[in-house]
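Observations on the three-dimensional arrangement
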Amino acid sequence: MKIAFVGLGNMGGPMASNLVAAGHQVVGFDPATALPEGVDSAPDAAAAARDAEVVISMLPNGQILRSVAAEVIPAMQAGAVFCDCSTVDVDSAKAVAQQAGDAGLGFLDAPVSGGTGGATNGTLTFMVGGDDAAFETVTPLFDIMGQKAVHCGAAGAGQSAKICNNMILGVTMIATCEAFALADKLGLDRAKMFDVVSTSSGQSWSMNTYCPAPGVGPQSPADNGYKPGFAADLMLKDLRLSQQAAESADADTPMGALAAALYTRFVEEEDGKGRDFSAMLPRFEARGRG
Ligand code: NAD
């Protein structure tokens, strides 16, 4: 397949490399990052998109997606599919889907989970919004870049699934960290705490798979000085997107709002910037109730 790839940073670079390794012809554009080996360089996003059957983007935010879409959509050939894999606000995904549809193009919002490790190893999970025909066209590419693609519904459904999942993740990570800090103060051994909770009703991905306590449970960023992993800054981005969506949909999300407020403080005022999002544990450990 002829593929254009726009935005080849930490995630997009290895995703494009996997497409090249599978034998696809990939033309890329990124204003700031060197393209991986085997990806042909285009002078701008429109030039990359011109002959492509599928245009994939992996960009920082919704505003940049909207500006890239404004360049790329008029350049694309009729019937081609624009597949945005960035994590962006639901409204931007829907707006770009509308523009693409008006121009006779397919559009998918297909954010991912799995991080840079998943991008490199081709084991991402894609959560996808858009119509059946576009999903069918891009499915062989999802199969190369990932291990699973869930078609969640119409345009915007992929972003909706992503931010709901990550809102649960942010809340459960905070709950897990504050519970460990309480257990410490009650004199409970962390290994015993893990043993009980990971097999009881307090279990979650945050506890069982990504345990925030060093030396306890499976290997996680806690065992590597809280080097990300999944950075607190990125969790904050996703929590803000969930609150933006909740406002727009008039949904009551008090725990999500509190998680967004705590990660805002952690990243902007405390020492959370650049650390893994599970570094909430040393934060709670160092505090009392005041
Ligand atoms: P990144 O900053 O490494 O990459 C983004 C790339 O987009 C950069 O190389 C940048 O130069 C490029 N870019 C910016 N403006 C552009 C433009 N106008 N045209 C073309 N390229 C442009 O970020 P990343 O970690 O690769 O994340 C990309 C997306 O994936 C984000 O939306 C992020 O939330 C999401 N995501 C990241 C992770 C992760 O672990 N890094 C996990 C899941 C989802």
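What counts and how
- Residues numbered from 1 in each chain as written.
- Predicted model: local features only at pLDDT ≥ 70, side-chain atom pairs only at ≥ 80, totals over all residues.
- Heavy atoms only, no water.
- Helix = DSSP H or I, 4+ residues; strand = E, 2+ residues; numbered from the N terminus.
- Rg over C-alpha atoms; globule rule 2.2 N^0.38 Å.
- Buried < 20%, exposed > 50% of the residue type's maximum accessible area, 1.4 Å probe, protein only.
- Contact = heavy atoms within 4.5 Å.
- Salt bridge = Lys/Arg side-chain N within 4 Å of Asp/Glu carboxyl O.
- Core = buried A, V, L, I, M, F, W, Y, C linked by side-chain atoms within 4.5 Å.
- Phe/Tyr/Trp six-rings, centres within 6.5 Å; stacked < 30°, edge-to-face > 60°.

To continue, consider the overall build of the chain. Check the secondary structure of the chain and you find 12 helices and 9 strands. Relative to its length of 290 residues, the chain is compact, with a C-alpha radius of gyration of 20 Å against a globular reference of 19 Å. Every one of the 290 residues in the chain was classed for burial, and the buried ones make up 49%. Partitioning the contacts of the chain with sequence separation of at least 6, the portion at a separation of at least 24 is 63%.

Below, the discussion takes up the environment of Tyr 226. By the element assignment, Tyr 226 lies in the loop between α9 (205–208) and α10 (232–249). The class of Tyr 226 is buried, set by a relative accessible area of 8%. Placed 13 residues apart in sequence, Tyr 226 and Ala 213 show a C-alpha to C-alpha distance of 9.8 Å. When near neighbours in sequence (up to four residues on either side) are disregarded, Tyr 226 contacts Pro 212, Pro 214, Pro 221, Arg 275, Asp 276, Ser 278, Ala 279, Leu 281 and Pro 282.

Attention now moves to the pattern of salt bridges. Considering all chains together, one arrives at 8 salt bridges under this definition. Put simply, Arg 287 and Glu 270 hold a salt bridge, and the shortest N to O gap is 3.8 Å. Of this pair, Arg 287 sits in the segment after α12 (280–285) while Glu 270 is found in the loop between α11 (254–268) and α12, placing the two residues 17 residues apart along the sequence. With a relative accessible area of 29%, Arg 287 lands in the partly exposed category.

This part is about the nonpolar core. With 34 residues, the main nonpolar core has Tyr 263, Phe 277 and Met 280 as its most contacted residues. Listing elements by their share of this core, those giving two or more residues are α7 (157–185), α8 (190–197), α10, α11 and α12. Looking at which element gives the most residues to this core, the answer is α7, with 9 residues. By size, the runner-up hydrophobic cluster in this structure holds 28 residues, among which are Met 58, Cys 83, Val 128 and Val 138.

Before going further, it helps to spend a moment on the packing of aromatic side chains. Counted by the stated rule, this structure contains 7 aromatic pairs. Ring geometry for Phe 126 versus Phe 142: centroids 4.6 Å apart, planes at 35°, classification tilted. Of the two residues, Phe 126 is situated in strand β8 (residues 124–130) and Phe 142 in helix α6 (residues 132–145); the sequence distance between them amounts to 16 residues. Residue Phe 126 is classed as buried on the basis of its relative accessible area, which comes to 0%. Note on Tyr 210 and Phe 277: the rings are 5.4 Å apart at their centroids and 45° apart in plane angle, and the pair reads as tilted. Of this pair, Tyr 210 sits in the loop between α9 and α10 while Phe 277 is found in the loop between α11 and α12, placing the two residues 67 residues apart along the sequence.

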